[in-house]
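So you can see what is in the structure, the chains are spelled out below.
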Amino acid sequence: MQESRGQACDSVMSHGMEACALLCEEERAVTRHIKIFDTTLRDGEQSPGASMNVEEKVLVAKQLAHLNVDIIEAGFAFSSPGDFDAVQRIGREVEGPAVCGLARARSEDIDAAWKALKGAPKPRIHVFLSTSDIHLKRQFRMTRAQALKRVVEMVTHARGYVEDVEFSPMDATRSDVDYLCEVVEAVLDAGAGTVNIPDTVGYAAPQEMATIIRTLQERVRGCDRAVLSVHCHNDLGLAVANSMAAIRAGAGQVECTVNGIGERAGNAALEEIVMGLRTRRDFYDADTRIRAEEIARTSRLVSKITGMIVQPNKAIVGANAFAHTSGIHQDGLLKDKSTYEILQPDAVGVTQSRFVMGKLSGRHAFRDELARLGYVLTEEEVGVAFERFKQLADQKELFEEDLEAIVSEIAAKVPERYSLKDMSTQSGMHHVPTATVALEIDGRVVQESGTGDGPVDAVYRTIAGITQTKSTLLSYRVQAITGGTDAQGGVSVRLEQEGETVVGNGSSTDIIVASARAYLNALNKLALQLERRAGSGSSAPSVISASPSVPWSPGAPGACIPADAGIQHTPGSARGAGGACGSV
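Since the model is a prediction, treat every value here as computed from it, not as a measurement. Along each chain, the written sequence defines residue order, and numbers are assigned to residues from 1. Totals for whole chains, interfaces and linings use every residue, but because this is a predicted model, local features are given only for residues with pLDDT of at least 70 and side-chain atom pairs only at 80 or more, for both listing and counting. Excluded from the side-chain calculations are hydrogens and water; all other atoms, namely the structure's heavy atoms, are used.

**Topic: the state of the cysteines**
Thinking step 1. In this description, the term disulfide denotes a pair of cysteine sulfurs within 2.5 Å. Using the criterion set out here, one finds zero disulfides in the structure.
Thinking step 2. Distance from the sulfur of cysteine 181, which forms no disulfide, to the nearest cysteine sulfur (cysteine 223) is 8.7 Å.
Thinking step 3. Summary of the burial criterion: residues with accessible area below 20% of their type's maximum are buried, those above 50% are exposed, and those between are partly exposed, where the area comes from a 1.4 Å probe applied to protein chains only. When its relative accessible area of 6% is taken as the criterion, cysteine 223 is described as buried.

**A look at the side chain of threonine 462**
Thinking step 1. Helix and strand definitions here come from DSSP, where helices need a minimum of 4 consecutive H or I residues and strands a minimum of 2 consecutive E residues; each element is numbered from the N-terminal end. Its place among the elements puts threonine 462 in helix H18 (residues 455-467).
Thinking step 2. Owing to a relative accessible area of 2%, threonine 462 belongs among the buried residues under this scheme.
Thinking step 3. Working rule for contacts: check all heavy atoms of both residues, and any pair within 4.5 Å makes them a contact. In this view, threonine 462 contacts Ala435, Val437, Glu448, Ser449 and Gly450; residues no more than four positions away in its chain are not counted.

**So, helix H4 (residues 81-93)**
Thinking step 1. Counted at 1.5 Å a residue, the expected span for H4 with its 13 residues is 18 Å, and the 18 Å between its end C-alpha atoms agrees.
Thinking step 2. When H4 is considered as a whole, its buried residues turn out to be Asp83, Phe84, Ala86, Val87, Gln88, Ile90 and Gly91.
Thinking step 3. Against helix H3 (54-67), strand S3 (71-75), strand S4 (98-104) and helix H5 (107-117) lie the buried residues of H4. Take the residue count of a helix, subtract one, and multiply by 1.5 Å to get its expected span.

**Quick notes on the packing of aromatic side chains**
Thinking step 1. When two rings of Phe, Tyr or Trp (its six-membered ring) have centres within 6.5 Å they constitute a pair, described as stacked for plane angles under 30 degrees, edge-to-face for angles over 60, and tilted for the intermediate range. Scanning all chains against the criterion turns up five aromatic pairs.
Thinking step 2. Ring geometry for tryptophan 114 versus tyrosine 161: centroids 5.4 Å apart, planes at 15°, classification stacked. Here tyrosine 161 lies in the loop between helix H7 (144-159) and strand S6 (165-170) and tryptophan 114 lies in helix H5, a separation of 47 residues in the sequence.
Thinking step 3. If you follow arginine 248 out to its NZ or CZ, it ends over the ring of phenylalanine 283, 3.9 Å from the centre. Remark: a charge is flagged as sitting over a ring if the NZ atom of Lys or the CZ atom of Arg is within 6 Å of the ring centre and within 35 degrees of the ring normal.

**Quick notes on the confidence of the model for the chain**
Thinking step 1. Confidence per residue, as judged by the predictor, is encoded in pLDDT with a range of 0 to 100. With 79% of its residues at a pLDDT of 70 or more, the chain has an overall mean of 82.
Thinking step 2. Within the model, pLDDT remains below 50 along residues 1-24, and this stretch shows 24 contacts once partners closer than five positions in the same chain are excluded.
Thinking step 3. When the criterion is pLDDT under 50, residues 538-581 qualifies, and its contacts beyond four places in sequence or with other chains add up to 107 contacts.

Right, dumping it as structure tokens:
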């Protein structure tokens, strides 16, 4: 189902005309196309600690285009210069999907969204305002009549900029149904082409979502000429179930995120909705245009960039999704895979066989393998990646995950104010853990030594002393990228300073080196964000400064200690959403 209908028939010709006829007949039976509105870059980024810089957002957006989503919600342009830049760049650089900007029901928000989207081939403006009495009375201090007047004016305003306008009555599932119908009819008359019904706090049950969709279809004049959408949160674990119930009742669009990330307990997971529809076309009589073979790669990219590790038992993309332990299950699978697998791993891009790359592989083979995996790099990027590949190939066999880790680091790279030139550590049962680190800072190499509770702690304390960072380490995670004792270790750290939160990543077969790379990657991102903020005229930040002449001591300001086993954790909390952050 990843192919077009004609391609699907061509792909099975080798199995005979009868198989082709059956597949084509099955395709014709699918009468409804469900649009996938991906909000990973907007609502997904509202996950605590999951913020992405502009380059990372563009990278994810390009992968979402490969995945073939219908709409990408690129951000909330009015909320920050970074979000504005992300919406603008994605609108101009990403081909295929419509690109959407979120806006509150305020003219300045809509103007900012249009300014960012102007020039995009397929722009959409998404306007929202609450319709529930609890929101209108207690948060917005508005009457129903005032809210109705506002949304009509703002949808009309947005419609003056773009043809494609979406409206969301926030907290719709806790709204009075009669008033909800009145608002939906009014915004359709004002020019909205899509009306999205958000279960903003994850309150609804599947039967209720289905009833709301049917009620709107039956009672709202002009509903048949619009697309009804749903946006379900997972506070009670029902986001996907509610979305599927809405589709069954007639919804034509689903708002969702990769890996289900998002505000609080998250959103409906894109991969679960897509494969649920594809596997049960007989029940839903609907499908999407998603290239399902890109699902696993997209999941890994989002997890890597946000630092949010996918739980092993996560449906479709979890490490255990296609793992079988029970002897009975194994026996059945050996006889017929359909006994215990309702979809094949390769359908979502999970391969059981691995292409092994080694130290004898040349640059040509390396480039071809990257292309096979779907990566197209510049010659300069290939050169950097190949050098890193050769270093690893001398130590171990390399698998697809190793290559993806190398490419992810290069593609999401930020300007290096601090770069690691050399590093050594000494530790043991009867030795004080000591680290010597040499960093290149603004073209000058600085070397210092320091001690800590363990080798990672010693490295981090030494780096903190050299850079005099004022950041706080919020989390430190280690994960094996592949199996075996020679596996690359992937390290993800999250730092916070003055309201800016970043995720840094590093990988190496030496976990101490990977830890240093991750920390420096985060410091470089943090320096860039703080400098940009200072340049935008926001409240003056204390940009990270390199003062190598100041000696490191355990009590020095900015001590940054990884939360590893046996290593203390500097207290800190993730940045809040802020008053301008959007939530639907």
